[in-house]
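Per-entry structural report
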Amino acid sequence: MIREIGVVCLGLVLSSTLQADEVSRTVNIKRLSLETAQEIAHGAIEACRKEGIQIGVTVVDREGTTQVALRDTIAAPITVKISRQKAFTAVNFNAATSQLVSRANTPIGRVEGLVMSAGGLPVQAGGMLLGGVGVSGAPSGETDEACAQAGIDKVVDDLEMSM
């Protein structure tokens with residue numbers, strides 16, 4: 001009887017060890033909803049309008065794929081392309097593009113599709129990268145970045161609560 005109990009206990013220990021050593025074959029990834037991406041974009045436009053500035057804004061998912069692209073009424077058409085490139089750069093480096101300016105004239109800075117000037121920000125919540133936002137059209141990159149931040153600020157509390 002004692003031997004049978006010992007065998008059962010050994011079996012339980014071995015099976016729990018095997019389960020602990022198993023590797024998950026999938027990962028769970030949080031994503032921005034379309035509605036949240038739209039709120040970010042509208043928040044950026046609203047912030048720049050308060051400054052009398054017309055912009056283009058793009059929100060991308062964590063892979064850099066465009067979710068929302070908006071161009072205010074009289075913003076130059078090129079602002080959409082530049083805002084997309086800023087958002088793409090921010091999400092791929094998980095950094096504000098203003099922090100990458102010193103790398104602009106390096107081989108990595110010359111990669112097609114990247115823009116290393118202020119105006120792109122990663123969208124993060126709960127320590128996770130969720131996407132990126134890029135703004136173009138203001139007289140300075142600092143203003144582009146401030147408008148991008150205003151868009152993020154509009155949703156960040158709700159994002160943090162959902163994590």
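To keep things clear, this report deals only with the structure shown in the data block. Remember, it's a predicted structure, so these values are computed and weren't measured experimentally. (Residues numbered from 1 in each chain as written. Predicted model: local features only at pLDDT ≥ 70, side-chain atom pairs only at ≥ 80, totals over all residues. Heavy atoms only, no water.)

**What about the side chain of Thr-97?**
On the secondary structure map, Thr-97 appears in the loop between α3 (78-93) and β3 (120-125). Given a relative accessible area of 0%, Thr-97 falls into the buried group. Polar side-chain contacts of Thr-97 include one of 2.8 Å to the backbone nitrogen of Gly-120. Residues contacting Thr-97, with those up to four places away along its chain left out, are Lys-86, Thr-89, Ala-90, Val-115, Met-116, Ser-117, Ala-118, Gly-119 and Gly-120. (Helix = DSSP H or I, 4+ residues; strand = E, 2+ residues; numbered from the N terminus. Buried < 20%, exposed > 50% of the residue type's maximum accessible area, 1.4 Å probe, protein only. Polar contact = N/O pair within 3.5 Å; in protein donor to acceptor, adjacent residues only side chain to side chain. Contact = heavy atoms within 4.5 Å.)

**Notes on the nonpolar core**
Among the nonpolar cores identified, the biggest contains 26 residues, and Ile-55, Val-57, Val-59, Val-123 and Val-133 are the most heavily contacted of them. When contributions to this core are tallied by element, the ones reaching two or more residues are α2 (34-50), β1 (56-61), β3, β4 (128-136) and α4 (141-153). If we skip the residues at most four places from it in the chain, Val-123 touches Leu-32, Ile-40, Met-128, Leu-129, Leu-130, Gly-131, Gly-132, Val-133, Ile-152 and Leu-159. (Core = buried A, V, L, I, M, F, W, Y, C linked by side-chain atoms within 4.5 Å.)

**Thoughts on the environment of Val-91**
Positionally, Val-91 belongs in helix α3. Along the chain, Val-91 and Val-60 lie 31 residues apart, while their C-alpha atoms are 7.9 Å from each other.

**Describing the sheet that holds β3**
Read across the open sheet, the 4 strands follow the order β2-β1-β4-β3; overall the sheet is antiparallel. In this open sheet, the two strands that pair with only one neighbour each are β2 (66-71) and β3. The sheet shows a mean angle of 15° between the axes of neighbouring strands, taken without regard to direction. Relative to β4, β1 runs antiparallel, the two being bridged by 6 bridges. Bridge pairing links Asp-61 to Gly-131 in β4. In this fold α3 packs onto β1, β2, β3 and β4, with an angle of close to 150° to the strand it touches most, β4. (Pairing = 2+ DSSP bridges. Axes fitted to C-alpha atoms, helices over the stretch in contact; angles between N-to-C directions.)

**Some details on α2**
An ideal rise of 1.5 Å per residue puts 24 Å on 17 residues; α2 measures up with 24 Å between its terminal C-alpha atoms. Within α2, burial applies to Thr-36, Ala-37, Ile-40, Ala-41, Gly-43, Ala-44, Ile-45, Ala-47 and Cys-48. In this fold, the buried residues of α2 make contact with β1, β2, β3, β4, α4 and α5 (156-162). (Expected span 1.5 Å × (residues − 1).)

**Remarks on the pattern of salt bridges**
Counting across every chain of the model gives 5 salt bridges. Of the charged contacts, one joins Arg-31 and Asp-61 as a salt bridge, the two residues approaching to 3.6 Å between their closest N and O atoms. Of this pair, Arg-31 sits in the loop between α1 (2-21) and α2 while Asp-61 sits in strand β1; the two residues are 30 residues apart in sequence, bridging distant segments of the chain. A relative accessible area of 49% means that Arg-31 is categorised as partly exposed. (Salt bridge = Lys/Arg side-chain N within 4 Å of Asp/Glu carboxyl O.)

**Digging into the state of the cysteines**
In this structure the tally under the stated criterion is 1 disulfide. Across the disulfide, Cys-48 is cross-linked to Cys-147 (sulfur-sulfur distance 2.1 Å). Taking the sign of the S-S torsion, 110° for the link of Cys-48 and Cys-147, the bridge is right-handed. Taken as a pair, Cys-48 in helix α2 and Cys-147 in helix α4 lie far apart in primary sequence, 99 residues in all. Residue classification places Cys-48 among the buried positions, given a relative accessible area of 0%. (Disulfide = S-S within 2.5 Å.)

**Quick look at the packing of α2 against α4**
Packing of α2 against α4 brings their axes to within 7 Å, and their N-to-C directions diverge by 135°. Between α2 and α4, the crossing angle belongs to the class labelled oblique. The two elements α2 and α4 meet at a crossing, and its hand is right-handed. Facing Glu-39, Ile-40, Gly-43, Ala-44, Ala-47 and Cys-48 of α2, the residues of α4 in contact are Thr-143, Cys-147, Ala-148, Ala-150, Gly-151 and Ile-152. In terms of residue class, the contact of α2 with α4 is made up of 8 nonpolar, 3 polar and 1 charged. (Parallel < 35°, antiparallel > 145°, perpendicular 65-115°, else oblique. Left-handed = near helix turned anticlockwise from the far one by under 90°. Nonpolar A, V, L, I, M, F, W, Y, C, P; charged D, E, K, R; others polar.)

Read these as geometric descriptors, not functional statements.
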